[in-house]
Amino acid sequence: MKTLWYTGCSMTRGDEIADTFLDPDFFNSDIWNDQFDYNSSISEEGTHSAWKSRNRKDRRMARLQQVAMMQESDPLKLADASNNFLKQLRNKEHELCWPAQLANRLGYLCIHDGESAASPGIELYRLIADIDNYRDIRIIAWTYPLRLTYWGSNKFLRYDPGWQPMHVNRHIDNNMSRQYFDYCFDKKATINEWVESVIISAELLKKINCRWYFTFGSSSYWSLINQMFPNFKSWLAQYEKHILSYQVFDDQYKLTDNLTPKAMYAGHPRVEAHTLLSEIFFNKIQNDISNNI
Amino acid sequence: MILVTTSNNLKELDSSNFKKVITLKYQSASILRFKIAELILENNADNLIIVMPDDITNRVWSSRHEEYRVFDKENSDDFIGHVSKLMFNQVGATDEWALSISAISYAINDSCKIYCNTSLKEKIKYPVRDNIIFYNELRDINF
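Presented here is a report on the structure given in the accompanying data block. Quantities reported herein were computed from a predicted structural model and do not represent experimental measurements.

**Let's talk about helix H7 (residues 98–106) of chain A**
Residue and element names in this part refer to chain A.
Part 1 of the argument: Of all nine residues in H7, seven are buried, a share of seventy percent or more.
Part 2 of the argument: If you check which residues of H7 are buried, you get Trp 98, Pro 99, Ala 100, Gln 101, Leu 102, Ala 103 and Leu 106.
Part 3 of the argument: Gly 107 sits one or two positions beyond H7 and adopts a positive phi of about 80 degrees.

Structural data, given as structure tokens:
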């Protein structure tokens, strides 16, 4: 079976998109009651801290775990219920994210190599680690240029010790990492890593046998990137046919701006956005395949 | 031909025949990787002769100095010493070196070559192209 490999961050791997499948009452649950902004347009105002706050992430997870517990009648199996629920959630996200829906439309097997919070460096490293495997299509959904990659010796989110992302919102695991963060984290560092990873990946993909595509996240960073690297735009122009979107995260929110709520509780795009995106990208890739582009 | 290497390596290399020499201050494969990306961006990455650094170090951005620096288990330069030494991980630094030589090997075009110390051959754990030449001693390299 032909394969479609992708890497990307939570916006691509589909964080939150399965919430309403495993908790059908999720949109009606009381966690929304004291929130006032679920009708504000993310495509116009951005997520900022209102949607993507730590508080909302915690409340979402608490709600989902509560539902999992309530569905289990045997008190001795409550812990298992919670763990199984998370596994079901991840599996469903893998099934519904746009790369998986795109692969499904093409009749390909989707190889998931994306992870929540992924940094540009981690996306590059995952590509390098996978080069020896033949893939018919490779897609890198470039994340926000606001992250750095470093070697962490403790587990972080779903990352084992090893290459881990460092975030602008300081999701770091201990005081030592915090000092490291303070030393190295700034706009120049994050843009450097982003630009380096994009360039190296494109030149690498050009040399291996596969069809490949990039998506870029948000339009709001292009001016900074072009300011720091004036040649980047002209360099990227040679790969125009490989670019599925220059602002896919913005597009995801625009696609569901007519719905209520406009995004999932902790700020990620709704599943409808993934379905619509997969259709748009399918049309482009199917055309490329038909015309041998 | 353009030679790209580190200042330490350059001391032992015969660079007299190169049109241009690009020298990096620090011994870091991933700083070299970043330099290659910059050269590609400037459309200045043809006919490169790259001599990899031997040291196994971690790259770190210094916000204060606005440049990449390195740290390893012995040497932290100006970087807050106790943090860099504690953050240093031999496995991680070796992986950084291995990822970098693989990235460079694939990123450069066919007119370029990479020179790498034979003693590091076993540390290459990711795919590379057929553009790496191994040497035993820097001074013996005959470009």
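**Describing the interface of chain A and chain B**
Put simply, an interface is often sized by how much accessible area is lost when its parts join up.
Part 1 of the argument: Each side of the interface is counted separately: chain A has 33 residues, and chain B has 40 residues.
Part 2 of the argument: Of all residues in chain A, Trp151(A), Tyr183(A) and Glu196(A) give up the largest surface area on contact with chain B, accounting jointly for 22% of the area buried on that side.
Part 3 of the argument: Glu66(B) serves as the salt-bridge partner of Lys188(A), at 2.8 Å between the closest nitrogen and oxygen.
Part 4 of the argument: Run the count over chain A and chain B and you get 13 residue pairs in polar contact (both at pLDDT 80 or more).

**Quick look at the pattern of salt bridges**
All names here are of chain A.
Part 1 of the argument: Under the definition given, this model contains 29 salt bridges over all chains.
Part 2 of the argument: A salt bridge links Glu 93 to Arg 90; the nearest nitrogen and oxygen atoms lie 3.3 Å apart. Separated by three residues within a single helix, Glu 93 and Arg 90 lie in helix H6 (residues 78–96), roughly one turn from each other. Arg 90 carries the same exposure label as Glu 93, and that label is buried.
Part 3 of the argument: Between Lys 206 and Glu 203 there is a salt bridge; the shortest N-O distance is 3.0 Å. With Lys 206 and Glu 203 both in helix H10 (residues 187–206) and three residues apart, the pair spans about one turn of that helix.
Part 4 of the argument: Judged by relative accessible area, Lys 206 falls into the partly exposed class, the value being 45%.
Part 5 of the argument: Since its relative accessible area comes to 5%, Glu 203 is described here as buried.
Part 6 of the argument: Salt bridges here are not isolated pairs; linked through shared partners, they connect Arg 13, Asp 15, Glu 16, Asp 19, Arg 60, Arg 90, Glu 93, Glu 115 and Arg 158.

Reading guide: rules and limits
- Residues numbered from 1 in each chain as written.
- Chains lettered and ligands numbered in written order.
- Predicted model: local features only at pLDDT ≥ 70, side-chain atom pairs only at ≥ 80, totals over all residues.
- Heavy atoms only, no water.
- Buried < 20%, exposed > 50% of the residue type's maximum accessible area, 1.4 Å probe, protein only.
- Helix = DSSP H or I, 4+ residues; strand = E, 2+ residues; numbered from the N terminus.
- Contact = heavy atoms within 4.5 Å.
- Buried area = accessible area lost by both parts, 1.4 Å probe.
- Salt bridge = Lys/Arg side-chain N within 4 Å of Asp/Glu carboxyl O.
- Polar contact = N/O pair within 3.5 Å; in protein donor to acceptor, adjacent residues only side chain to side chain.

That is the geometry; function is a separate question.
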